[in-house]
Amino acid sequence: MKLKVMDLEKGKVNIEIGKKEFFRDPIFFAGPCSVEDYETMRKITSSLKEIGVDVLRGGAYKPRTSPYDFQGLKDDGLKILQAIKDEFNMVISTEILDVRDLEKAMDVVDIIQIGSRNMYNYVLLEEAGKLGKPVILKRGFSATVFEWLNAAEYIMKEGNEKIILCERGIRTFETTTRNTLDLNSVAYVREHCRLPVIVDPSHGTGVRSLVKPMALAGIMAGAGGLIIETHIEPKKASSDAAQTIDMETLKEIIIKTNEIWRYV
Ligand code: PEP
Ligand code: MN
């Protein structure tokens, strides 16, 4: 059966983010891996706004490989995001790991993030689809493009078309970098799918110095935006510090993206 997400006759799915719109403007998501304390979040958000970031990202609930690693500020993290949203009028995206957290997160979350580890969580996908808010669907790190698009279909079949695919790197034999950012998938999705796709060069590489080149390569491959882990003091980030960039580098990426955007 033909997937709804690939039915190009219906046209590309139009998702507005503030005054911007996918397929017309590049959309920038940035912020720390995990929600940090309120004062740090204030400083980060005010800098991000200044350099033209559209959506603040930050995980309140963190899916960590080790259960002994920092698991996020959880409900307190949501409260901090709410306070930031109220103060800065910023669009907020955060990852929801568990269907039981969906309801309580709905006031603060404008864009629900479904993480790589949860791409196959079909119950979560369906529940997120029922809420009608935009969903970032990260590619499972061992998922084929076909499985990823089928995961998107689980959301769309609930009547929610506002799905933003996110290529965040896959696991390969290569161990030099944390993941292998599969830009083939970006070009493929751009050609065959109705949904916008963004690139996450932070998880895609795991290496701070590689984020800028791979972000720009993602745009050239056809990405409609970028999601980048950014902090005012990257080395002090409470998770994923090694791949977190500073504001200056993010600013350079945004400027360069806007320059090359018209050629894509
Ligand atoms: C994240 O965005 O911080 C994250 C956990 O990403 P992923 O699900 O791609 O690993
Ligand atoms: Mn992270």
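See above for the structure.
Note that the structure is predicted; figures quoted are calculated from it, not measured.

With respect to the helices and strands, Asp7 occurs in the segment before strand S1 (16–17). Accessibility expressed as a relative area gives 14% for Asp7, which makes it buried. With residues near it in sequence (within four places) discarded, Asp7 still touches Lys2 and Arg194.

Okay, the coordination of the manganese ion (ligand 2) next. Coordination sphere of the manganese ion (ligand 2), protein contribution only: Cys33 (SG), His203 (NE2), Glu229 (OE) and Asp240 (OD), at 2.1 to 2.4 Å. When the donors of the manganese ion (ligand 2) are listed by position in the chain, the intervening gaps give C-x169-H-x25-E-x10-D. Taken together, the positions of Cys33 in the loop between strand S3 (27–31) and helix H1 (38–50) and His203 in helix H7 (residues 201–205) put the pair 170 residues apart, joining distant regions of the chain. Judged on exposure class, the residue Cys33 and its partner His203 are both buried.

This part is about the site of ligand 1. Neighbouring ligand 1 are the residues Cys33, Arg57, Lys62, Glu95, Gln113, Gly115, Ser116, Arg117, Lys138, Arg168, His203 and Glu229. Side-chain polar atom of Gln113 to an oxygen atom of ligand 1: 3.1 Å apart, as the coordinates give it. Here an oxygen atom of ligand 1 sits 2.9 Å away from a polar atom, N or O, in the side chain of Lys138. Against a free-state accessible area of 290 Å², the protein chains account for coverage of 97% of ligand 1. A class-by-class count of the residues in the shell around ligand 1 yields one nonpolar, four polar and seven charged.

Under the defined criterion, the tally for this structure stands at one aromatic pair. Summarising the aromatic geometry, the rings of Tyr122 and Tyr154 are spaced 4.2 Å apart at their centres and angled 15 degrees between planes, so their arrangement reads as stacked. With Tyr122 in helix H4 (residues 122–131) and Tyr154 in helix H5 (residues 145–156), this pair connects stretches of sequence that are 32 residues apart. Looking at Tyr122, the relative accessible area reads 33%, which means it is partly exposed.

This brings us to the nonpolar core. Inside soluble globular proteins, nonpolar side chains tend to come together where they are buried. In terms of nonpolar packing, the biggest core is built from 80 residues, with Phe29, Ile112, Leu137, Leu165, Leu195 and Leu250 touching the most fellow members. Not counting residues within four places of it along the chain, the set of residues in contact with Phe29 comprises Phe22, Val53, Val55, Arg57, Ile111, Ile136, Ile164, Ile198, Leu226, Ile227 and Ile228.

The next thing to look at is the pattern of salt bridges. Enumeration over the complete set of coordinates arrives at 24 salt bridges. We note a salt bridge from Glu167 to Arg139, for which the minimum N-O separation is 2.8 Å. Pair noted here: Glu167 is in strand S8 (residues 163–167) and Arg139 is in the loop between strand S7 (135–138) and H5, with a separation of 28 residues, a long-range link. Using a relative accessible area of 0% as the deciding quantity, one classes Glu167 as buried. The class of Arg139 is buried, set by a relative accessible area of 4%. Where salt bridges share partners, they join Lys2, Asp7 and Lys10 into one cluster.

Right, let's talk about H1 for a bit. In this model H1 runs 18 Å from its N-terminal to its C-terminal C-alpha over 13 residues, within 8% of the 18 Å that 1.5 Å per residue would give. Within the sequence span of H1, burial applies to Thr40, Met41, Ile44, Thr45, Ser47 and Leu48. The buried residues of H1 occupy an angular sector of 165 degrees when projected down its axis, which confines them to one face. Of the surrounding secondary structure, the elements contacted by the buried residues of H1 are S3, strand S4 (55–57), helix H2 (75–88) and helix H9 (247–261). The N-cap of H1, judged by a side-chain oxygen 3.2 Å from the amide nitrogen of Glu39 a few residues on, is Asp37. Gly52 lies just past H1 and shows a positive phi near 95 degrees.

Let us now look at H2. When the terminal C-alpha atoms of H2 are compared, their 20 Å separation across 14 residues agrees well with the 20 Å that a helix rising 1.5 Å per residue should span. Buried within H2 we find Gly77, Leu78, Ile80, Leu81, Ile84, Lys85 and Phe88. When H2 is viewed along its axis, its buried side chains cluster within an angular range of 160 degrees and face the same direction. The outward face of H2, more than 90 degrees from its buried face, is lined by the exposed residues Lys79 and Asp86. Along its buried surface, H2 packs onto H1, S4, strand S5 (91–95) and helix H3 (99–105). In the stretch just after H2, Asn89 is the one whose phi turns positive, near 55 degrees.

Cut-offs used in this document
Residues numbered from 1 in each chain as written. Chains lettered and ligands numbered in written order. Predicted model: local features only at pLDDT ≥ 70, side-chain atom pairs only at ≥ 80, totals over all residues. Heavy atoms only, no water. Helix = DSSP H or I, 4+ residues; strand = E, 2+ residues; numbered from the N terminus. Buried < 20%, exposed > 50% of the residue type's maximum accessible area, 1.4 Å probe, protein only. Contact = heavy atoms within 4.5 Å. Donors = N, O, S within 2.8 Å, 3.2 Å for Na, K, Ca; no water. Near = heavy atom within 4 Å. Polar contact = N/O pair within 3.5 Å; in protein donor to acceptor, adjacent residues only side chain to side chain. Areas by Shrake-Rupley, 256 points an atom, 1.4 Å probe, with all protein chains shown as cover. Nonpolar A, V, L, I, M, F, W, Y, C, P; charged D, E, K, R; others polar. Phe/Tyr/Trp six-rings, centres within 6.5 Å; stacked < 30°, edge-to-face > 60°. Core = buried A, V, L, I, M, F, W, Y, C linked by side-chain atoms within 4.5 Å. Salt bridge = Lys/Arg side-chain N within 4 Å of Asp/Glu carboxyl O. Expected span 1.5 Å × (residues − 1). Arc of directions from axis to C-beta.

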